[in-house]
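Observations on the three-dimensional arrangement
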Amino acid sequence: MSSHSDLGHISASYVNLLFDWLADAHPDIALRIPYARPLAGELNRIDVSRWQAMLEWAYHALQDPSMPLKIAAHVRPANMGLLGYVASCCTNLGEAFARLQQFENLVYSVNSLAVAVHEDQIILRWGAERGRPGHWVDSVAIGVLVAFTRQLIAEPIRPLRVQFINPEPPNHPDFNEFFNCPVDFNGQYTEVVWPVALLETQLKSPDSVMRGMLDQQARLLLKQVKAGEESIPGLQKALQESVSAGLPNLNEVAHRLCMSTRTLQRRLQEQGRSFRGELERVRVEMAKNCLEAGELSLADIASFLAYNDQSAFTHAFKRILGASPAKYQRAKRQ
């Protein structure tokens, strides 16, 4: 197993999954772990080499080859950080997978995810361009992905196939049972294959905390719009949902409003407004909510609002409000 520090990093929230599982399932072992529980948050990163060492220590203490699958089954939205919040805000599983590709590095920055569609299958694939973190790291990662995906939707789902780049472990049947599908090893890539039809599966409602944040955003966006007086009914909501889904473009908003892009543009022009202006106003309102909550960094807020980078977010925010996001946040805290 490689132990090079250049394998990448993972978020402390993700690492806390091990500590949470040990505390619940093996409290005696949890008291003996020689590693300190890291402070949760996307900005606190842990080298993959250190994560490898933690998992190896836990295995030697437990001598349980099913350990990575049991850890994965314990995953909660909090362990996924911003990605967990964003994924739960999506409309369907297809949007959630798109956000996974966009935000994966916030949680798990090792080898890059590639998404491909082949006939009636969608393939999530990871290579080894940065190295091979090994059986424990990969097994937890893929187990977490599938377990968290199952939490997002109400109906039972299973992949068509799972493949690992690593050698076959002695407990191969445990992997078949956990993923509820054929699992292969010694592959050229690590892959999770889903049926394309699954992408349209609707997500169940976010938990109360996430739902509350969304509701607060909705109230902020609509506080100046009285019932029945919105010039284009549903526009604010469609804009907000499109941003949350990572698709803040004219086509997506028009689709959510069940009208053509030409019709939407014409109706905005008739009112002396522009799509870009309306989108920026909604983004800034959403940004204000995130800044006031104080949970995310400026870079993470920029990513959540689907800006190309933090600089673009800062310029747009300052253009509309006359103050930078950092200055706005400081003023609110004071």
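Calculation rules
Residues numbered from 1 in each chain as written. Predicted model: local features only at pLDDT ≥ 70, side-chain atom pairs only at ≥ 80, totals over all residues. Heavy atoms only, no water. Pairing = 2+ DSSP bridges. Helix = DSSP H or I, 4+ residues; strand = E, 2+ residues; numbered from the N terminus. Contact = heavy atoms within 4.5 Å. Axes fitted to C-alpha atoms, helices over the stretch in contact; angles between N-to-C directions. Salt bridge = Lys/Arg side-chain N within 4 Å of Asp/Glu carboxyl O. Buried < 20%, exposed > 50% of the residue type's maximum accessible area, 1.4 Å probe, protein only. Parallel < 35°, antiparallel > 145°, perpendicular 65-115°, else oblique. Nonpolar A, V, L, I, M, F, W, Y, C, P; charged D, E, K, R; others polar. pLDDT = per-residue confidence, 0-100. Expected span 1.5 Å × (residues − 1). Phe/Tyr/Trp six-rings, centres within 6.5 Å; stacked < 30°, edge-to-face > 60°. Lys NZ or Arg CZ within 6 Å of the ring centre and 35° of its normal.

**A word on the sheet that holds strand 6 (residues 161–163)**
An order of 4-5-8-6-7 is seen for the five strands of this open sheet, with the pairing classed as mixed. On the outer flanks of this sheet lie strand 4 (113–118) and strand 7 (183–184), each paired with one strand and no other. Looking at chain direction, strand 6 and strand 7 are connected through two bridges and run parallel. Residue pairing across strands places V162 opposite V183, the latter belonging to strand 7. Running at roughly 15° to strand 8 (residues 190–195), helix 7 (residues 135–152) makes contact with strand 5 (121–126), strand 6 and strand 8 of the sheet.

**Examining the sheet that holds strand 1 (residues 9–11)**
Pairing is antiparallel across the open sheet formed by three strands, whose spatial order is 2-1-3. Either end of the sheet is taken by a strand with one partner, and the two such strands are strand 2 (45–47) and strand 3 (108–109). Two strands pair when backbone bridges link them, and strand 1 and strand 2 are joined in this way by three bridges, in the antiparallel orientation. When the bridges of strand 2 are listed, H9 appears paired with D47.

**Here's the deal with the pattern of salt bridges**
In total, this model carries nine salt bridges according to the counting rule given. Between R281 and E278 there is a salt bridge, with the nearest N and O atoms lying 4.0 Å from each other. Of this pair, R281 and E278 both sit in helix 13 (residues 275–293), three residues apart, which is roughly one turn of the helix. In this structure R281 comes out as partly exposed when scored by relative accessible area, which is 29%.

**Things to note about the packing of helix 3 (residues 48–62) against helix 7**
Contact geometry for helix 3 and helix 7: axes closest at 9 Å, N-to-C directions at 95°. Taken as axis vectors, helix 3 and helix 7 run roughly perpendicular relative to one another. Of the residues in helix 7, those in contact with V48, W51, Q52, L55, E56 and Y59 of helix 3 are W136, V137 and V140. When its residues are assigned to classes, the contact of helix 3 with helix 7 shows seven nonpolar, one polar and one charged.

**Things to note about the confidence of the model for the protein chain**
Looking at the protein chain, pLDDT values average 84 and 86% of them are 70 or higher. Residue range residues 1–5 is modelled with pLDDT below 50. Its contacts to residues more than four positions away, or to other chains, number 14 contacts. Per-residue pLDDT stays below 50 along residues 224–228; that stretch engages in one contact with residues further than four places along the chain or on separate chains.

**With respect to helix 7**
Taking 1.5 Å of rise per residue, the 18 residues of helix 7 would be expected to cover 26 Å, and the 26 Å separating its terminal C-alpha atoms lies within 8% of that figure. Counting buried residues along helix 7, 16 of its 18 residues qualify, which places the element largely inside the surrounding structure.

**Some details on the packing of aromatic side chains**
Applying the stated criterion across every chain, the model contains eleven aromatic pairs. Residues F97 and W194 carry aromatic rings whose centres are separated by 5.8 Å and whose planes lie at 40° to one another, so their mutual orientation is tilted. You can see F97 sitting in helix 6 (residues 93–107) and its partner W194 sitting in strand 8, a full 97 residues away along the chain. One exposure class covers both F97 and W194, and it is buried. For the ring pair F164 and F185, a centre distance of 5.3 Å and an interplane angle of 15° mean the geometry is stacked. In this pair, F164 is assigned in the loop between strand 6 and helix 8 (172–179) and F185 in the loop between strand 7 and strand 8, connecting sequence segments 21 residues apart. With respect to class, F164 is no different from F185; both count as buried. Each member of the aromatic cluster is reached from another via a ring pair, and the members are F164, F175, F178, F179 and F185. The ring of Y189 is capped by R125, whose NZ or CZ atom sits 4.6 Å from the centre of that ring. Taking NZ or CZ as reference, R283 lies 3.9 Å from the ring centre of Y307, over its face.

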